[in-house]
Structures are given as C-alpha cells and as structure tokens.
Amino acid sequence: MDKPLVVNSWNEWDPLEEIVVGIADNACYEPTEPGNRPAVRNHPDVPFPTGPKPPEAIERANEELAGLVALLESQGVTVRRPDPHDFSQPVRTPDFAVENQYCSVCPRDVMITLGNEIVEATMSRRARYFEYRPYRRLVYAYWNADPRVEWTTAPKPTMADDMYRQEFWEWPLEERHARMHSFEFCITQDEVVFDAADMSRFGRDVLVQESMTTNRAGIRWLKRHLEPRGFRVHPVHFPLDFFPSHIDCTFVPLRPGLVLTNPERPLREGEERMFLDNGWELVDAPQPTSTNEEMPRYCQSSKWLSMNVLSISPTKVICEEREKPLQELLDKLGFEVFTVPFRNVFEYGGSLHCATWDVRRRGTREDYFPHLSYEPLV
C-alpha cells in the first residue's frame, strides 16, 4: 500500500490535515517602492513609518496567530511555522535596492500547493524578493520526505524601474475609471510577475486574478506550466476594484458549488458563466463590520479582509471574531463557524486565509466544471 502523500492539496475546502501559519517576528513596515506606496490610513499626508515594527505590535499579532494555531490543532490539524528571518536587512541586486524587507505573516502570498507540487511565486514587490526564505527549511523537509513531491520556483523578475508603471500612483480617479477595462496597473507586461495569493484552486481548475501583483505574462507562465499537468487556468478580472491585489478578499470558494463573492467587486461580464453553467451558487458577503476608516492605522488592505476566511473542511470554516454578519450568513449556509480575534494581524497584509499555506488536505483532483469549454494555450 502506498504511503500517504506528504504534500496534497487541490482546492480551498477539502478536509485540512497540515498547514503553515505565519509569524510576525522581526516584521518591518512596508517601504515605499515602485510597486507599493503605503500610506497611513485616513492620514495620507502623515509620513508612513519606516524600519522595524515596534515589539508591542509584533507581540499583539503573534498572540492572535498563536490563537489560530491553537484552534487548528484542536481540530486535529498539524501546524508548522516559518523560520525567523531578519527583515530589517536591506536588499540590493544589480537592478534595485530597498532599505528593508517586510514580514512572514502571509505565507499565502508566496507559497501555493497544487496537488503534490509546491510552487514559489515570483512576488511583485522589492521588499518581498526574498520572502520565500523563511519557508525553505519546510520545503526541503517535504521534498526530502516524499519523492512524489514536486517543487517549482517561478523565475524571479528583475524588479528594475522599468518593470513598473510608476505614473499609476498619480492617476486621478477619472483616469482609473477610463482605464479599468484595460487592466493596466503598476506592473508592466514585459516580465513574468505573480503573487500566489492571486490564485484560487478548484480541483482541475485554477483561477488567477490579473491585478497590481499579477500580470498577463505571469498568467501565461502559469498556463504553460500547469496545463501539461492537467490543470485549466482561467484569468479573472474585477473591473470595479481599482487597486486589485489578491483574490481571497473578492472571490472565495467555500465548498463544491458555493463561492462567497464581494458585492462591490463583481466579476467581469461573462466570466461568471463557468460557474453558473455548472450549477455553482455565488453568494454576496455582507458588509464588513469595520468601515475602511475603522481598519488598523497601518493596514494597507481593504475592509473586505472580512471575507478572508479559512476552510477546515467543506462544512467547517474559520471567521474573524468581530464579523458577526458573515458568521450568521455562513451558519445559514450550513457551516460550523469557528471564530478567532485577528484584527491586529490585519496591518501585516491579510487575515486568516492570507496568514496560512495549506500543505495537505484529504482529497484528490476533481472536475467541478464538467460543462466547461476550455481552450489550452498553444
């Protein structure tokens, strides 16, 4: 009898067996760079802090991350953590320099499991160029433990000045409206660029959002890499989101046949057909309990972190403690809802789904879209 697979995850909802939860140790504030212009929330004229985050802020985030770990372990899930890393170190390459790095709170952004394969994303921001390093020991352990584990590192982009469209940050709202259907954001189309959190897994099918952190060349690379392995890769777009970054606050699959959607960010017309034609239900999330004004001062994400839930199984889901309307909706949809406080983690770039990387779920690759017309890349 074959040994159980060490690495195995085909979707976002199968019963969870092993996961990596991020840590806030040695985290720094995001530096200003061509791909990122952090701003103090509601005070854009106040200079954004630089350098290491204060110990008390790191302690608050780590306490909430530890609460997530305890909940997962109480449900029988094996939890791993990344190695500490000195994010205060500058990064210097022949093409760019940046004064410090960021953090390892959000493994979802850089690491993704596709079946028995681990893929390290290119990343789109200079401060995150080496963010894969805290996970390398874990990846080697998985790779050494099972010869069936595949491990792919996507090609690193130069992150040179001409990889970015720096005027993007100066566009007035009217110009964003005019350009919203061309999907040209702060990264150009010349190099392969993608963050793993712009991908959502549906068994045989993988959605990839074109965004500020994933370009068309990145999607083309993913198609060329994954299609020979039997996947179908679908670019998706949310034209009313003028700063799109990562799909898991916009379009969140909860179980076969059900997706939690963002009422303020609908799919581009026509892209919903693959779901509706295959019997999927798209359910709008309720408004978050916090307005954009009430989010943490240094959080660069939107209020829709409320949607960033983590599925333990097709019937169990973890939700942020204060999101009562979402908890009530999930309960009505038949889920057992677990809650943890997580607001102090928000300023590190994400919530429950972002702060995790699922390595093993119990299940196989399924085709959830049997009535789908798909043209492979040639």
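Here the structure is a predicted model, which means the values were calculated and not measured.

A. Representation of the sheet that holds strand 1 (residues 16–21) in the model. Pairing within the open sheet is mixed, and its 3 strands lie in the order 2-1-17. A strand with exactly one partner marks an edge of an open sheet, and here the two such strands are strand 2 (78–80) and strand 17 (356–361). The average undirected angle you get between the axes of adjacent strands in this sheet is 20 degrees. Where strand 1 lies against strand 2, 3 bridges are found, and the strand directions are parallel. When the sheet's bridge partners are listed, Ile19 is paired in strand 2 with Val79. Where helix 1 (residues 55–74) meets the sheet, its contacts fall on strand 1, strand 2 and strand 17, and the angle it forms with strand 1 comes to roughly 165 degrees.

B. Inspection of the sheet that holds strand 12 (residues 258–261) at higher detail. Spatial ordering of the open sheet is given by 11-12-13, a layout of 3 strands whose pairing is mixed. Unpaired on one side and paired on the other, strand 11 (251–255) and strand 13 (281–284) mark the two borders of the sheet. Strand-to-strand twist of the sheet, defined as the mean angle between neighbouring strand axes without regard to direction, takes the value 30 degrees. With 4 bridges joining them, strand 12 and strand 13 adopt parallel strand pairing.

C. The arrangement of the layout of surface pockets in detail. By volume, the largest pocket is sized at about 1000 Å³. In terms of lining residues, the largest pocket is bounded by 38 residues, among which Arg41, Phe243, Gln300, Ser301 and Ser302 are the most central. Residue classes in the lining of the largest pocket are distributed as 15 nonpolar, 11 polar and 12 charged.

D. Structural context of the side chain of Lys223. With respect to the helices, strands and loops of the structure, Lys223 is situated in helix 4 (residues 216–226). A distance of 3.0 Å separates a polar atom in the side chain of Lys223 from the backbone oxygen of Val233. Dropping the residues within four chain positions of it, Lys223 is found in contact with Pro228, Val233, Tyr374 and Leu377.

E. Region of interest: the nonpolar core. One finds Leu72, Ile318, Phe342 and Tyr348 to be the most contacted residues of the largest nonpolar core, which totals 51 residues. Those elements that place two or more of their residues in this core are strand 1, helix 1, strand 11, strand 12, strand 14 (310–313), strand 15 (316–320), helix 6 (324–332) and strand 16 (336–340). Among the elements that line this core, the one with the most residues is helix 1, at 8 residues. Leave out the neighbours within four places in its chain, and Tyr348 touches Ala24, Ala27, Lys53, Ala57, Ile58, Ala61, Tyr102, Cys103, Val105 and Cys106. Listed in part, the 42 residues of the second largest apolar core include Ala121, Met159, Met163 and Tyr374.

F. Broad picture of unusual backbone geometry. Unusually for a residue other than glycine, Asn26 sits at a positive phi of about 65 degrees. Note that Asn26 resides in the loop between strand 1 and helix 1. The backbone of Met123 shows a phi angle near 70 degrees, a positive value even though the residue is not glycine. Examined against the element boundaries, Met123 turns out to sit in the loop between strand 6 (117–120) and helix 2 (136–145). Overall, the relative accessible area of 0% leaves Met123 in the buried class.

G. Focus on the side chain of Glu117. Along the chain, Glu117 falls in strand 6. Glu117 gets classed as buried once you look at its relative accessible area, which sits at 2%. One polar contact links Glu117 to His225, side chain to side chain, over a distance of 2.7 Å. In contact with Glu117, other than residues within four places in its own chain, are Val7, Ile112, Glu150, Thr152, His225, Leu226 and Arg229.

Conventions adopted
- Every chain is numbered on its own, with residues counted from 1 as its sequence reads.
- Only residues with pLDDT of 70 or above have their local features reported here, since the model is predicted, and side-chain atom pairs are shown and tallied only from 80 upward, although totals for entire chains, interfaces and linings are computed over all residues.
- Based on all heavy atoms of the structure, the side-chain values leave hydrogens and waters out of the count.
- Strand pairing follows a simple DSSP-based rule, namely that at least 2 bridges must link the two strands.
- Put simply, DSSP H or I for four residues or longer makes a helix, DSSP E for two residues or longer makes a strand, and each gets a number counted from the N terminus.
- Axes here mean lines fitted to C-alpha atoms, for a helix over just the part in contact, with angles spanning 0 to 180 degrees between N-to-C directions.
- Residues count as neighbours in contact if any of their non-hydrogen atoms are within 4.5 Å of one another.
- A cavity, in this analysis, means grid points on a 1 Å lattice covering only the protein atoms where a 1.4 Å probe fits yet has no way out; a pocket is instead an open set bounded by protein on both sides within 12 Å along at least five of seven lines, and a residue lines either one if it has an atom within 4 Å of a point.
- Grid points are joined across faces, edges and corners, and a volume is the space filled by probe spheres set on the points.
- Throughout, the ten residues Ala, Val, Leu, Ile, Met, Phe, Trp, Tyr, Cys and Pro are labelled nonpolar, Asp, Glu, Lys and Arg are labelled charged, and all others, Gly among them, are labelled polar.
- For this analysis, a polar contact is any N or O atom pair within 3.5 Å, provided that within protein one partner can donate a hydrogen and the other can accept it, and provided that sequence-adjacent residues contribute only side-chain to side-chain pairs.
- For the purposes of this section, nonpolar cores are sets of buried Ala, Val, Leu, Ile, Met, Phe, Trp, Tyr and Cys residues that join through side-chain atoms within 4.5 Å.
- Only protein chains enter the calculation, and the probe is 1.4 Å; a residue is then buried if its accessible area is under 20% of its type maximum, exposed if over 50%, and partly exposed in between.

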